[in-house]
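Structural description and commentary
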Amino acid sequence: MVKYLKVRIIITIKKIAKIANVSVGTVDRIIHNRGQVTEENIAKVQTIIKEYGYKKNIFASNLAFNKKFKFAVFLPKNKNVEYWQAPIVGISKAAEELANFGISIDYLYFDYNISSFKKTATKVLKMDYDGLLFAPIFYEESVSFLKEYKKKNTPIVMIDSNLPEIDGVAYIGQDSYQSGYLGGKLISYGIKNDSNVLILKITRNVESTSRTNVFLQRIKGFYAFFNDKQNLPKFNFTEISIKYDIENQLNINMFSGIDCVFIPNSRVYIVAKFIKENDLQGIRVVGYELLKQNLEYLNDGIIDFLIHQKPEEQGYMGINHLYKKVVLKETVTDLHHMQLEIIVQENYTATKL
């Protein structure tokens, strides 16, 4: 039996004009919505465009006019902060791929405090960019900044944390509630007897309210799993908050009778280190992110599960979102939740081989 390949005809403005029996100038005015065209010719040209799948060559147009685009990246400083190094890797990769399309990136960093954030935000507001990638670390300050920046009518993409109350701003990141729900499932997996669970919130001495909201949503989702699954053994919950930048806040009494520990952020290594140093046995540990120290304790068997929200991919997708919206003029979905990825000792080791 002979199989025939379907050949796609490449349609140009000249070919459209010939098929429609109109001038090239008429087709150009219709495509670029410049008016002075009869309704009859508009209907004919649009029918041909739909049939043949004509798309404007944005790349060629930009080259012809030597058009440049500059995006701003407004993030916390990543020196000695492993988590915030990851988005920059993704952003840099996207920037390199898109450099030939006239795209460049300005990196504007702030120290992890409100004063530095406000200073950098003021600088960003004074500059003119074609798009902005932003992580809303400090809630109230981020809301104020976004409301002011939106007056520029410039596309904005948020990563890491979402502020859904700000309309017209894209978000690429994890669904915090759903990731907490998954954390509950991982804690309960295979447990057949009544268990005691410690929810350990490890925050900075000066923590941002936006990041805190992420943790709270994860904890809310965590509890929701157990509320939904009535056939499980009985789980008893204890919540404790400590500051990770203050020494010696963990003690043996916190872990007395504890079977499982859920840490709703990336500082799982602090708990894993304490468990290892004190030779605490039989405790299931679930937390977040593929930080170097987390992975070391995962490989040691101290951490059982890590939920990965792919910060590198968030940065990469954020720049591509701006590229599609600003350069290609495409309609892009403003909400993209990252796929939840579960990392265990075995599949992490497999990815390194």
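What comes next concerns the included structure.

Calculation notes
- Residues numbered from 1 in each chain as written.
- Predicted model: local features only at pLDDT ≥ 70, side-chain atom pairs only at ≥ 80, totals over all residues.
- Heavy atoms only, no water.
- Helix = DSSP H or I, 4+ residues; strand = E, 2+ residues; numbered from the N terminus.
- Buried < 20%, exposed > 50% of the residue type's maximum accessible area, 1.4 Å probe, protein only.
- Contact = heavy atoms within 4.5 Å.
- Areas by Shrake-Rupley, 256 points an atom, 1.4 Å probe, with all protein chains shown as cover.
- Axes fitted to C-alpha atoms, helices over the stretch in contact; angles between N-to-C directions.
- Parallel < 35°, antiparallel > 145°, perpendicular 65-115°, else oblique.
- Pairing = 2+ DSSP bridges.
- Right-handed = clockwise from strand over helix to strand, strands pointing away.
- Core = buried A, V, L, I, M, F, W, Y, C linked by side-chain atoms within 4.5 Å.

1. Examining the overall build of the protein
Across its full length, the protein carries 13 helices and twelve strands. Out of the 353 residues belonging to the protein, those deemed buried represent 48%. For the protein, long-range pairs separated by at least 24 residues make up 69% of all intrachain contacts whose partners lie at least 6 apart in sequence. For the protein, the exposed area adds up to about 19400 Å²; of that, 49% sits on carbon and sulfur atoms.

2. Describing the environment of Leu232
Position of Leu232 among the secondary structure elements: in the loop between helix 9 (209-228) and strand 7 (235-243). Along the backbone, Leu232 and Asp194 are 38 residues apart, and their C-alpha atoms lie at a distance of 8.7 Å. Those residues within four positions of Leu232 in sequence are excluded, and the remaining contacts are Ser188, Phe225 and Phe226.

3. Remarks on the packing of helix 6 (residues 114-126) against helix 7 (residues 139-149)
For the pair helix 6 and helix 7, interaxial distance at closest approach is 11 Å and the crossing angle is 5 degrees. As judged from the angle between their axes, helix 6 and helix 7 are roughly parallel. Contacts between helix 6 and helix 7 involve Ile114, Phe117, Lys118, Ala121, Val124 and Leu125 on the former and, on the latter, Glu141, Ser142, Phe145, Glu148 and Tyr149.

4. Section: the sheet that holds strand 2 (residues 103-110)
Reading across from one edge, 2-1-3-4-5-11 is the order of the six strands in this open sheet, with parallel pairing throughout. Sheet topology places strand 2 and strand 11 (335-337) at the edges, where each strand pairs with a single neighbour. Neighbouring strand axes in the sheet, compared pairwise and without regard to direction, differ in orientation by 15 degrees on average. The pairing of strand 4 (residues 156-159) with strand 5 (residues 170-173) spans three bridges and is parallel. From the neighbouring strand, Val157 faces strand 5, where its bridge partner is Ala170.

5. Describing the pairing of strand 1 (residues 69-76)
Where burial is concerned, most of strand 1 is hidden: seven out of the eight residues are buried. In terms of strand pairing, strand 1 meets strand 2 through eight bridges, oriented parallel. In the strand pairing of strand 2, Phe69 is matched with Ile103.

6. Considering the pairing of strand 3 (residues 131-134)
Here strand 3 shows a buried face lined by Gly131 and Leu133 and a second buried face lined by Leu132 and Phe134. Bridge count for strand 1 against strand 3 is four bridges, and the pairing is parallel. Of the residues in strand 3, the one forming a bridge with Phe71 is Gly131. Assessed by its sense of winding, the connection that carries the chain from strand 3 through helix 7 to strand 4 is right-handed.

7. A word on the nonpolar core
With 77 residues, the main nonpolar core has Leu200 and Phe255 as its most contacted residues. Listed in part, the 19 residues of the second largest apolar core include Tyr181, Phe225, Val286 and Ile307.

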